[in-house]
Amino acid sequence: MPELPEVETIKRTLTPLLMGKKISQVNTIREDVIKHPQAKQFVQEITDRNIVNLSRRGKYLTITFADGNRLVVHLRMTGRMLYCSPLDEQKPHTHVIFGLSDGNELRFSDVRRFGCLWLLESMEEDCCTGMVKLGPEPFDEQFCPQYLADLLAKKKTTIKQALLDQRVLAGLGNIYTDEVLFRAAMHPQMICSQISLLKVQKIVIAVRAVLTEAIQHKGTTFRDYLDGMGEKGAHQLALFVYQREGELCRVCKTPIQRIKVAGRSTFFCPNCQK
DNA sequence: AGATGCACCTGTATGC
DNA sequence: TGCATACAGGTGCATC
């Protein structure tokens, strides 16, 4: 579920609610979602720490404490980070509850349990989260046509696969990759090394445009995604291709097709995307 | 090094 | 209705 716009929205909704608050206690209902360190030490290191910052890198959410330690969260497909009252019903699949100094709670839940948490101590090198392997952020200057063109020139995979690769670019998942390729008017099975510089420029522009709009709409709620306050996103109403098989292209009225690319469902307009 | 397939989980939709 | 199967927004690992 959560790709860059969703994680960004969670960060934005949680930031005013968590900044300056202290974690007063941690209840690990399911310890196996904690990947590092061991659950007991995880709880010990977080309890009584003050939250000083929230940030996002790709699809990772990081909560930084005053002592420099960082809680890193990846929500994978169905994970949620919800700010709740202790009186709120504890939904099934709630795995970790962080008690806050304001009397409320931050709850990590995840139906499929692919999502996970790490705690990195202030001086500890990040060798376990996978964040170090991420490519540039889409809105960084580093993500420019020349960077992408050089990288794609060496690849023989499809463009869809390349854009899904977090080492190429951080933050795109299956929904936004399809939306980006529609906006760039490119067929998802186009081979990377055959893409012109002009087309690469279109991709860079499309990535930023699609993500900007999706963030403005507070993400896409197709099924499970909710922001930090439990609210759905609205971008599902603005999608051009994703999940629209058989429906008419918003631009040319051709029926949207669905194919498999790199093992993933892929939606595109056969007329607009050549 | 890079590509491919599968594993990790549970819920839901579909078809027989 | 009941059951089997396919599929779902993501990543990491073994294998070639």
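Residues numbered from 1 in each chain as written. Chains lettered and ligands numbered in written order. Predicted model: local features only at pLDDT ≥ 70, side-chain atom pairs only at ≥ 80, totals over all residues. Heavy atoms only, no water.

**Looking at the protein's contact with DNA strand C**
Around DNA strand C, a shell composed of 24 residues is seen, among which Met1, Lys59, Arg223, Arg264 and Ser265 lie nearest. Among all atoms of DNA strand C positioned within 4 Å of the protein, those belonging to sugar or phosphate total 59%. Between DNA strand C and the protein, one listed contact pairs a phosphate oxygen with a side-chain N or O atom of Arg258 at 2.9 Å. One nitrogen or oxygen atom from the side chain of Arg264 is found 2.3 Å from a phosphate oxygen belonging to DNA strand C. Elements with a minimum of two residues in the surface near DNA strand C: helix H5 (174-183), strand S10 (257-261) and strand S11 (264-268). (Near = heavy atom within 4 Å. Polar contact = N/O pair within 3.5 Å; in protein donor to acceptor, adjacent residues only side chain to side chain. Helix = DSSP H or I, 4+ residues; strand = E, 2+ residues; numbered from the N terminus.)

**Regarding the sheet that holds strand S6 (residues 79-84)**
Judged by pairing direction, the sheet is antiparallel, and its 4 strands sit side by side in the order S1-S7-S8-S6 without closing on themselves. Taken across any chain shown, the strands that pair with only one partner, and hence form the sheet edges, are strand S1 (23-28) and S6. In this sheet, neighbouring strand axes are inclined to one another by 15° on average, regardless of whether the strands run parallel or antiparallel. Relative to strand S7 (residues 94-100), S1 runs antiparallel, the two sharing 5 bridges. Paired with Thr28 across the strands is Val96, a residue of S7. Each of S1 and S7 is contacted by helix H2 (residues 39-46), which is oriented at about 165° to S1, the strand it contacts most. (Pairing = 2+ DSSP bridges. Axes fitted to C-alpha atoms, helices over the stretch in contact; angles between N-to-C directions. Contact = heavy atoms within 4.5 Å.)

**Some remarks on the pairing of strand S3 (residues 51-57)**
Note that S3 and strand S4 (residues 60-65) share 6 bridges and pair antiparallel. Note that in S4 the partner of Ile51 across the bridge is Phe65. The hairpin turn running from S3 into S4, its antiparallel successor, is 2 residues long, and Gly58 in that turn takes a positive phi close to 60°.

**Comments concerning the domain arrangement of chain A**
Here chain A is described as being made up of domain 1 (4-133) and domain 2 (145-268). Spacing between the C-alpha centres of domain 1 and domain 2 amounts to 28 Å. Contacts between the two partners involve 19 residues from domain 1 and, on the opposite side, 20 residues from domain 2. Counting the surface lost from both domain 1 and domain 2, the interface buries some 1600 Å², and carbon and sulfur atoms represent 65% of this. Considering only the side of domain 1, the residues that lose the most area to domain 2 are Pro5, Glu6 and Arg80, jointly responsible for 30% of the buried surface there. Inspection of the region where domain 1 meets domain 2 yields 0 salt bridges. (Domains from an automatic or database assignment. Buried area = accessible area lost by both parts, 1.4 Å probe. Salt bridge = Lys/Arg side-chain N within 4 Å of Asp/Glu carboxyl O.)

**What about the sheet that holds strand S2 (residues 34-36)?**
In any sheet, the strands associate via hydrogen bonds between backbone groups, in a parallel or an antiparallel arrangement. A sheet is described by the order of its strands in space; here 5 strands give the open sequence S2-S9-S5-S4-S3, paired in mixed fashion. The open sheet has two free edges, formed respectively by S2 and S3, since each of these has just one partner strand. On average, adjacent strands in this sheet sit at an angle of 20° to one another, irrespective of strand direction. Of the pairings in the sheet, the one linking S2 to strand S9 (residues 116-120) comprises 2 bridges and is parallel in character. Across the sheet, His36 pairs through a bridge with Trp118, a residue of S9.

**Some details on the environment of Leu117**
With respect to the element layout, Leu117 can be found in strand S9. Excluding its chain neighbours within four sequence positions, the residues that come into contact with Leu117 are Val33, Ile34, Lys35, His36, Phe42, Leu71, Val72, Val73, Val96, Phe98 and Phe108.

**Comments concerning the protein's contact with DNA strand B**
Surveying the vicinity of DNA strand B reveals the residues His93, Val111, Arg112, Arg113, Phe114, Lys155, Thr157, Gln161 and Arg223. Of everything in DNA strand B that lies within 4 Å of the protein, sugar and phosphate atoms constitute 63%. The contact in question runs from a base oxygen of DNA strand B to an N or O atom on the side chain of Arg112, over 2.9 Å. The side chain of Gln161 places a nitrogen or oxygen atom 3.3 Å from a phosphate oxygen of DNA strand B. Classifying every residue of the surface near DNA strand B gives 2 nonpolar, 3 polar and 4 charged. (Nonpolar A, V, L, I, M, F, W, Y, C, P; charged D, E, K, R; others polar.)

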